[in-house]
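Below are the chains, spelled out letter by letter.
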Amino acid sequence: KGLPEGKTLTQQLVYLIQTSRKMLVLALIYGAMNILSFISLRNISASVFTIFAQCKILTTATFSTIILKRQYSWTQWRALIALMLGVLLFSEPIWGNPNQSANRKGNNPILGTAAVLIEVTLSGFASIYFEKVIKTDPLKLGIWDRNFQLALGSFPVYIIFIVADGGGEAGFFGGWSLLAFLLSGLGAAGGLLVALSIKYGDSILKTLATTGAIVLTGILDHFLLGGPLTPAMVIAGCQVIIAICNYSFDATPPPTSTSSSSSQLEINTKDSQDNSSLVISAGEADTTSSTSETERLMKRVSTFDGQQPLSGNSTNQSGGTPSKNDRSQV
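None of these values were measured; they are calculated from a predicted model. Counting of residues starts from 1 at the beginning of each chain's written sequence and follows it residue by residue. In keeping with the model being predicted, local features are shown solely for residues with a pLDDT of at least 70 and side-chain atom pairs are shown and tallied solely at 80 or more, while totals for entire chains, interfaces and linings include all residues. Heavy atoms throughout the structure, all of them, feed into the side-chain values; hydrogens and water do not.

Caption draft 1: Molecular detail of unusual backbone geometry. Of note, the phi angle at Lys69 is positive, near 60 degrees, even though the residue is not glycine. The way it works is that DSSP assigns letters per residue, a run of H or I at least four long becomes a helix, a run of E at least two long becomes a strand, and they are numbered from the N terminus. Of note, Lys69 is situated in the loop between α4 (56-67) and α5 (74-90). Exposure is judged per residue with a 1.4 Å probe applied to protein chains only, and the accessible area is read against the type maximum: over 50% gives exposed, under 20% gives buried, and values in between give partly exposed. The exposure class assigned to Lys69 is exposed, which follows from its relative accessible area of 65%. Although it is not a glycine, Lys140 sits at a positive phi angle of roughly 55 degrees. Locating Lys140 in the fold gives a position in the loop between α8 (109-136) and α9 (143-164). We classify Lys140 as partly exposed; its relative accessible area is 47%.

Caption draft 2: Highlighting the pattern of salt bridges. The term salt bridge refers to a side-chain nitrogen of Lys or Arg lying within 4 Å of a carboxyl oxygen of Asp or Glu. On inspection of all chains with the given rule, the structure shows five salt bridges. The salt bridge involving Glu119 is made with Lys56; its shortest N-O contact spans 3.6 Å. Of the two residues, Glu119 is situated in helix α8 and Lys56 in helix α4; the sequence distance between them amounts to 63 residues. Through salt bridges with shared partners, one network takes in Lys22, Asp137 and Arg146.

Caption draft 3: Structural view of the nonpolar core. Core analysis: the largest hydrophobic core is formed by 19 residues, its most contacted members being Leu80, Leu83, Ile204, Leu208, Val240 and Tyr247. Put simply, the parts of the chain that give this core at least two residues each are α4, α5, α11 (203-225) and α12 (231-248). No other element matches the seven residues that α5 contributes to this core. Contact between two residues is taken to exist if any of their heavy atoms lie within 4.5 Å; hydrogens are not considered. Once you skip the residues sitting within four places of it in the chain, Val240 turns out to touch Leu83, Gly86, Val87, Thr211 and Val215. Among buried residues, those of type Ala, Val, Leu, Ile, Met, Phe, Trp, Tyr and Cys that are joined through side-chain atoms within 4.5 Å constitute a nonpolar core. Grouped together as the second largest cluster of nonpolar side chains are 14 residues, Met23, Tyr129, Ile134 and Ile143 included.

Spelled out as structure tokens, the structure:
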């Protein structure tokens, strides 16, 4: 459907607000994910958080099979697991750093671990939920419309956070510089690209692109900012690239269930029986038609000769057997 045509800008904005219920749910999920990230980082180290964060790859694929009913081959599942391990190994400078692995006193590791696991689960669900809304919603709104609805739902959530924190150290509307505006613009453009990748691809492909971006970021960090690039990171980067290629170019057909195969067999058997019945009926119709045509021909010959029409078991007019003359006429 899209936006209603022939309406003013105000009427279209009102229409978007009235139909933004589904995006409001997604905005609340994203807000909850940010809160959970803060809780987890306050109670566990950055290294542990990085390790658990890689589980987003598997949660996204799992929700894709549950919500969108997609099926992946075993090769693709192995590629996703290899991808997760490759990104984890590439992040070794974070979780392998003793300073990053130390927990502060008074932290609750159980609470932090539970928070990051819930955040990872919500991340996978949010990706598939957004894909389902974009591709199957009957309103058929565009990417710009859905992002406007998402921003509209996110605005009150983050305003509450800002007010509750008192504006932070910089105060309300403080701390904005040219670099901050540039980063905000890049973040907004990245959000639009993510939405486009989900619309014209799927959430798994978006996840593959994200992991590839992690490797590219690490390489640029090394050459531009002097960041670490160990041999283990190089091997892990190659592993990530191979896993992406294994998933993307896998030609294995997805597994089919036994029930569906049985149903297809029953349908084929029924079709074969129906076709056999049609053939038999056609044959009987041809036989009946041939017999009728023969009888009509015999009647026409007898009528032409001025005799009584003959049939296959006909007799002469006196009730006896056909005479020699009658047989010769036939």
